[in-house]
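Below, each chain spelled out in residue letters.
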Amino acid sequence: MQFDPLEHPHRRFNPLLRQWVLVSPHRTKRPWQGKMEAAYRSSRPEHDPDCYLCPGNTRANGETNPVYTTTHVFNNDFAALLPDGPVADITSQNELMRVQPVTGECRVICFSPCHDLTMPEMTADAITAVVSLWCDQYAELSQRYTWVQIFENKGEIMGCSNEHPHGQIWCTDHLPSEPAQVDASQRSYFADHASPLLLDYAETELRDGMRTIEANNHWLVVVPYWATWPYEMLLLPRRHLRHLGEVDEPERRSLADILKRILTRYDNLFETSFPYSMGWHQAPGVSPDIDEQRDHWQLHAHFYPPLLRSSTVRKFMVGYEMLAEGQRDITAEQAAEKLRRVSGTEHYAASRRK
Ligand code: H2U
């Protein structure tokens, strides 16, 4: 029997995390009698007087938001990291019970003054303002912090606490575990090939095309070969860009365009406001304890959505995934094909309103 990765169980290697993922394409026909979640239907006002993030409203800590008209950033009132902390003596600790003090900062980014919009429903101009804010925030915070994690949790099932379109930034004085692995993987590939891992990967994907969802002059979006989440996406620049601070004006605009298209596809897939966690991985900031040589880094964004087969049936990372390794049924190629088949320009909700 000839091995066919679209039919037969196999493992694929994630070169960023250096982990394998089990792919079981033969299982896609199994019946589902598991959890059904209530479909998420939202009808929201453009301005909600009870929302902590709307312009002019009072936040949970009593501060008042300005009457902002595009984007707005503020320090998280319930920050997980604090900028100052005592110096701890950690020289004589048990090697099985290690501890490290950390310092950092957390910010909240409002994407729009409109409470009722999500990124795919915003204009490309409005999304460009979010992109520019991401770039400016990285440029500022990377001067002080080793790691600047820009991310968005979208949708109640991803733990998003507020419907107002927003994201977050957490900065730390150290490389967190996952970025540390991604740093090491890219460093080692660069040492062997004198070329960034993800630039070579983008070129390979562009030649192949099977996992490509969208591409424009500056950016490429694929369901990565090693995707774990069913409709995971990886967004990559087409030239060597180490971090958001290097993204120029035309690239910001075309990034906004491709974001609008891929997120419209997400919403159209199951005709729902598609939940996900997304975030940027990019070169560490300039800090004395980090090697200044950062050419092995290639800027990229991950999109990790939990939905599996409808707006109510999600993928659970449990059992084998928790105890052994990640697993998926639908292949990355099948997922990309489904995302290519739905519109990237007409949002399902807009066409219903016509
Ligand atoms: P999430 O929806 O991803 O949880 O992000 C919302 C963040 O906004 C959350 O971290 C902060 C929460 O701490 N927040 C404030 O800083 N002030 C508020 O008045 C409400 C929420």
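Residue numbers restart at each chain and count upward from 1, following the sequence in its written direction. Only residues with pLDDT of at least 70 get local features here, since the model is predicted, and only at 80 or more are side-chain atom pairs given and counted; chain-wide, interface and lining totals rely on the full set of residues. Computation of side-chain values: all heavy atoms of the structure, hydrogens and water removed.

1. A closer look at the overall build of the protein
Counting from the N terminus, the helices are the DSSP runs of H or I reaching at least four residues and the strands are the DSSP runs of E reaching at least two. Tallying secondary structure elements over the protein gives 7 helices and 12 strands in all. Both definitions apply: the radius of gyration is a C-alpha atom measure, and the globule rule equals 2.2 Å times residues to the power 0.38. In terms of overall size, the protein behaves like a compact globule, its C-alpha atoms giving a radius of gyration of 21 Å where 354 residues would be expected to give roughly 20 Å. With respect to the three principal axes, the spread of C-alpha positions in the protein is 65 × 60 × 40 Å. Exposure categories follow from relative accessible area, calculated using a 1.4 Å probe and restricted to protein chains: below 20% of the type maximum is buried, above 50% is exposed, and the middle band is partly exposed. Counting only residues that meet the buried cut, the protein has 51% of its 354 residues in that class. Contacts: residue pairs with any heavy atoms within 4.5 Å of one another. Restricting the contact set of the protein to residue pairs at least 6 apart, pairs at least 24 apart contribute 70%. Summed over all atoms, the accessible surface of the protein reaches about 17,300 Å², with 52% contributed by carbon and sulfur. Separation between the mean location of the 36 positive side-chain charges and that of the 47 negative ones in the protein comes to 8 Å. Note on areas: these come from Shrake-Rupley sampling with a 1.4 Å probe, and a residue is covered only by the protein chains present in the view. None of His or the chain ends enter the tally, which takes Lys and Arg as positive and Asp and Glu as negative. Think of each charge as sitting on NZ of Lys, CZ of Arg, CG of Asp or CD of Glu.

2. What to know about the nonpolar core
Formed by 66 residues in total, the largest nonpolar core has its most connected members in Trp134, Leu235, Trp280 and Phe303. Those residues in contact with tryptophan 280, other than ones at most four positions away along the chain, are Trp134, Gln149, Ile150, Leu235, Leu244, Leu255, Leu299, His300 and Ala301. In this description, a nonpolar core means a group of buried Ala, Val, Leu, Ile, Met, Phe, Trp, Tyr and Cys residues linked to one another through side-chain atoms lying within 4.5 Å. If you look at the next biggest cluster of nonpolar residues, it comprises 7 residues, including Leu53, Tyr68, Phe74 and Cys110.

3. Thoughts on the sheet that holds strand β7 (residues 212–215)
What makes two strands pair is DSSP finding at least two bridges between them. On the basis of which strands lie adjacent, the open sheet formed by 9 strands has the order β3-β4-β6-β5-β10-β11-β9-β8-β7 and antiparallel pairing. The outermost strands of the open sheet, each flanked by one partner alone, are β3 (72–75) and β7. Each strand axis lies, on average, 20 degrees off the axis of its neighbour in the sheet, ignoring direction. Two strands pair when backbone bridges link them, and β3 and strand β4 (residues 104–110) are joined in this way by 4 bridges, in the antiparallel orientation. Axis definition: a line fitted to C-alpha atoms, over the contacting stretch in the case of helices. Angles run 0 to 180 degrees between N-to-C directions.

4. Quick look at the site of the ligand
Working definition: residue near molecule or strand if any one of its non-hydrogen atoms lies within 4 Å of it. Close to the ligand lie 15 residues; Ala60, Asn76, Asp77, Ser161 and His166 are nearest. N or O atoms closer than or at 3.5 Å make up a polar contact, with two conditions inside protein: a donor-capable atom paired with an acceptor-capable one, and, for residues adjacent in sequence, both atoms drawn from side chains. Between alanine 60 and the ligand, the recorded distance is 2.8 Å, taken from a backbone N or O atom to an oxygen atom. Calculation on the ligand without its partners gives an accessible area of 470 Å², and the protein chains cover 87% of this total. Applying the majority rule of atoms within 2 Å of the grid points places the ligand in the second largest pocket. Using a grid of 1 Å spacing that covers the protein atoms alone, one calls a set of points a cavity when a 1.4 Å probe fits there but cannot get out, and a pocket when the set is open and has protein on both sides within 12 Å along at least five of seven lines; lining residues are those with an atom within 4 Å of a point. To decide whether a molecule occupies a pocket or cavity, check its atoms: if more than half lie within 2 Å of the grid points, it is inside.

5. So, the sheet that holds strand β2 (residues 19–23)
The strand order β1-β2-β12 describes an open sheet built from 3 strands, whose pairing is mixed. Sheet topology places β1 (10–14) and β12 (326–328) at the edges, where each strand pairs with a single neighbour. Direction aside, the axes of adjacent strands within the sheet are offset by 30 degrees on average. As judged from the 5 bridges shared by β1 and β2, these two strands associate in the antiparallel manner. Along β2, the bridge assignment pairs arginine 11 with leucine 22.

6. Digging into the packing of aromatic side chains
Each Phe, Tyr or Trp ring, with Trp reduced to its six-membered ring, pairs with another whose centre is within 6.5 Å; inter-plane angles below 30 degrees give stacked pairs, above 60 give edge-to-face pairs, and intermediate values give tilted ones. Scanning the model with the defined rule gives 12 aromatic pairs in all. Their ring planes at 40 degrees and their centres at 4.6 Å tell us that tyrosine 201 and tryptophan 226 sit as a pair that is tilted. Of this pair, tyrosine 201 sits in helix α3 (residues 197–208) while tryptophan 226 sits in the loop between β8 (219–222) and β9 (233–237), and the two are 25 residues apart along the sequence. By relative accessible area, which is 11% here, tyrosine 201 ends up buried. Taken together, a centroid distance of 6.1 Å and an interplanar angle of 45 degrees make the contact between tyrosine 266 and tyrosine 276 tilted. A residue pair is termed long-range when its members are at least 10 positions apart, and tyrosine 266 in helix α4 (residues 249–269) and tyrosine 276 in strand β10 (residues 276–281) qualify at 10 residues.

7. Quick look at helix α6 (residues 332–341)
Looking only at α6, the buried set comprises Ala332, Glu333, Ala335, Ala336 and Leu339. On an axial view of α6, the arc spanned by its buried residues comes to 160 degrees, and they lie on one face. Residues of α6 that are buried in the fold lie against β1, β7, α4 and β12. Our arc is simply the arc of the directions from the helix axis toward the C-beta atoms.

8. Details of the confidence of the model for the protein
Residues of the protein with pLDDT of at least 70 account for 94%, and the chain-wide mean is 93. Values of pLDDT, ranging from 0 to 100, describe the predictor's confidence in every residue of the model. Ranking the elements of the protein by mean pLDDT puts helix α7 (residues 348–353) last, at 78, and β9 first, at 99.

9. Topic: the layout of surface pockets
Roughly 400 Å³ of volume is contained in the second largest pocket. Looking at the second largest pocket, it is lined by 20 residues, and the ones nearest its centre are Leu53, Asn76, Val108, Ser161 and His166. Take the lining of the second largest pocket: its biggest share by element is 4 residues, from strand β6 (residues 166–172). Across the lining of the second largest pocket, the residue classes break down as 10 nonpolar, 8 polar and 2 charged. Grid points are joined across faces, edges and corners, and a volume is the space filled by probe spheres set on the points. Under the convention adopted here, Pro, Cys and the residues Ala, Val, Leu, Ile, Met, Phe, Trp and Tyr are nonpolar, Asp, Glu, Lys and Arg are charged, and Gly plus all remaining residues are polar.

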